[in-house]
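A closer look at the structure
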Amino acid sequence: MAENDSKVYDVAIIGSGPAGYTAAIRGGQYGLKVALIEAETSLGGTCLHVGCIPTKALLFNAEIWDHLKHAAEYGIAGIGTPQLDWAAVQKRKNAIVTKHTKGLEFLMKKNKVTVVRGYGRLTGAAKDGVHTVDVESADGTTRQLQAKNLILATGSEARMLFGIEPDDRVLTNIEILSLPEPPKSLIVIGAGAVGVEFASIFRSFGTEVTIVEYLPRAVPVEDEDISKELARLFKKRAIDVNTGCSVQSIEKTDAGVKVAWTTTNGQAREQEAEKVLVAVGRAPRTAGVGIEKTKVELERGFVKVNEAQQTAEPGIYAIGDIVAGLPQLAHVGGMSGLVAMAKIAGRKFRAVRRDRIPGCTYTDPQIGSAGLTEAQAREKGYDVKVGKFPFAGNSKATIVDSHDGFVKIVADAKYGEILGVHIIGPSATELIAEAVAVMELEGTVDELMFTIHAHPTLSEAMLDAYAAVEGMAINA
Ligand SMILES: Cc1cc2nc3c(=O)[nH]c(=O)nc-3n(C[C@H](O)[C@H](O)[C@H](O)COP(=O)(O)OP(=O)(O)OC[C@H]3O[C@@H](n4cnc5c(N)ncnc54)[C@H](O)[C@@H]3O)c2cc1C
């Protein structure tokens, strides 16, 4: 047992992903004494090391590469045949991660957060208002840390199929990020955001990609029209999308891997590829952290919380990917951390609202959505009016050579309130920010039809889509 930390912190946070580090910074800003416990050597969690940041770095390379394929068309001559330097692609991605890891270390110092390296475990309920956490260091020694409040932010990890351990052929989001070269062929199991993003990246780099999805459509949490458009545009990019398919086995072969699945109508299919990516969802990391010693309640492994992110155990909060009923997104994790910290500091806060969360998928084409899908709005009993505007009618989309996709507005017919916005096309992940702000302010079609959007911009497609709800888009 190493020496114990004699301080009693106001808050100890277990896990330094976007949920944990955001909460830690805000705690420092409130003037609280904060400890941030992290088992890995670097701060930042899944998002910074094997999630959002490295994938978006690769997607940027993929986008540039795709543009270079049309260099002559854009009037760029003299670059000969572009060559892909994969080692340089990886180096750039790693440099971005390193830069932001250092940035996080700096922010912890700036906000006087004490970073504690080691694996944190709860020891039970608070005694006289003080919780004790066991922190096991990499060398096996354990020390104890005390805090008036605890925040669990332990995040999530990739679920695997058939108990297979990931290796150099059966990949998760971790192994696929450091491949020595793009594979010739790749089967992606799962067409959620993670699966389709990797499919998009590697297709750009020339990989033959096959997607196998259990549910009837790709990106199943999105509006049905978005799923259809993505499937159509992926087909155009020669990505083979198979939906309604149940994977039966994954087998290693001399050439790589063989995946067998049954189709919706019960037909058996199998296919070989150099690699397979398993992207079938992410399991909460709630085992092994001492939850059973507390009153914290779980729901299929996820932590149940109230609107202030409080668990059933007094003084223990949960944020980020481990929370039941919240989408597993970095910005949701961060915001849930701000809510928990405000509650601890006795400050004003607003609970995380599920219908005000932007969902972004950084494929080519991008997807950005917020609020209710058309089907959800109808299920909720709204009299729904829909406006749809294709990027084909937007001049900036022509300029950036990206005409596919549309903006779809789901509005309430009675008052014209915007209930949902669903975008597929250029810069959709940026355009969606306007939609979230509009919904926060309970904007209506009438108001938005007269809200000036600059010309020529992609955001004009939003203006045309609002007007399309009344059948009055100007450019279509
Ligand atoms: C490939 C991929 C791409 C993604 N892209 C995006 C995207 O573009 N946008 C987006 O919003 N989301 C994206 N996500 C999701 C995003 O990464 C997660 O929602 C986010 O990382 C969750 O944050 P978190 O803080 O809850 O957990 P994590 O980021 O998982 O961090 C948890 C941290 O806790 C530590 N930890 C766990 N247990 C303990 C313990 N007992 N003691 C000490 N430390 C512990 C872990 O080591 C880890 O550092 C992506 C995910 C993947 C896999």
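You'll find the structure just up there.
Residues numbered from 1 in each chain as written. Predicted model: local features only at pLDDT ≥ 70, side-chain atom pairs only at ≥ 80, totals over all residues. Heavy atoms only, no water.

This brings us to the nonpolar core. Ile176, Phe202, Ile211, Leu230 and Leu277 are the most contacted members of the largest nonpolar core, which totals 32 residues. Considering every element that reaches this core, the biggest residue donor is helix H5 (residues 193–204), with five residues. In this structure Leu277 touches Leu171, Thr172, Asn173, Ile176, Leu186, Ile187, Val188, Ile189 and Phe198, once residues within four positions along its chain are discounted. Grouped together as the second largest cluster of nonpolar side chains are 30 residues, Phe389, Ala397, Val407 and Ile409 included. (Core = buried A, V, L, I, M, F, W, Y, C linked by side-chain atoms within 4.5 Å. Buried < 20%, exposed > 50% of the residue type's maximum accessible area, 1.4 Å probe, protein only. Helix = DSSP H or I, 4+ residues; strand = E, 2+ residues; numbered from the N terminus. Contact = heavy atoms within 4.5 Å.)

One open sheet holds the three strands; their spatial order is S12-S13-S14, and the pairing between them is antiparallel. The sheet is open, and its two borders are formed by strand S12 (246–252) and strand S14 (268–273), each paired with just one other strand. Strand-to-strand twist across the sheet, computed as the mean angle between neighbouring axes with direction ignored, equals 20°. Two elements, strand S13 (residues 257–262) and S14, share six bridges in a ladder whose sense is antiparallel. Paired with Ala260 across the bridge in S14 is Glu270. (Pairing = 2+ DSSP bridges. Axes fitted to C-alpha atoms, helices over the stretch in contact; angles between N-to-C directions.)

Attention now moves to the side chain of Ser185. Among the secondary structure elements, Ser185 is positioned in strand S9 (residues 185–189). You can call Ser185 buried: its relative accessible area is 19%. Polar side-chain contacts of Ser185 include one of 2.9 Å to the backbone nitrogen of Glu274. Setting aside residues no more than four positions away along its own chain, Ser185 makes contact with Thr207, Glu208, Ala273, Glu274 and Lys275. (Polar contact = N/O pair within 3.5 Å; in protein donor to acceptor, adjacent residues only side chain to side chain.)

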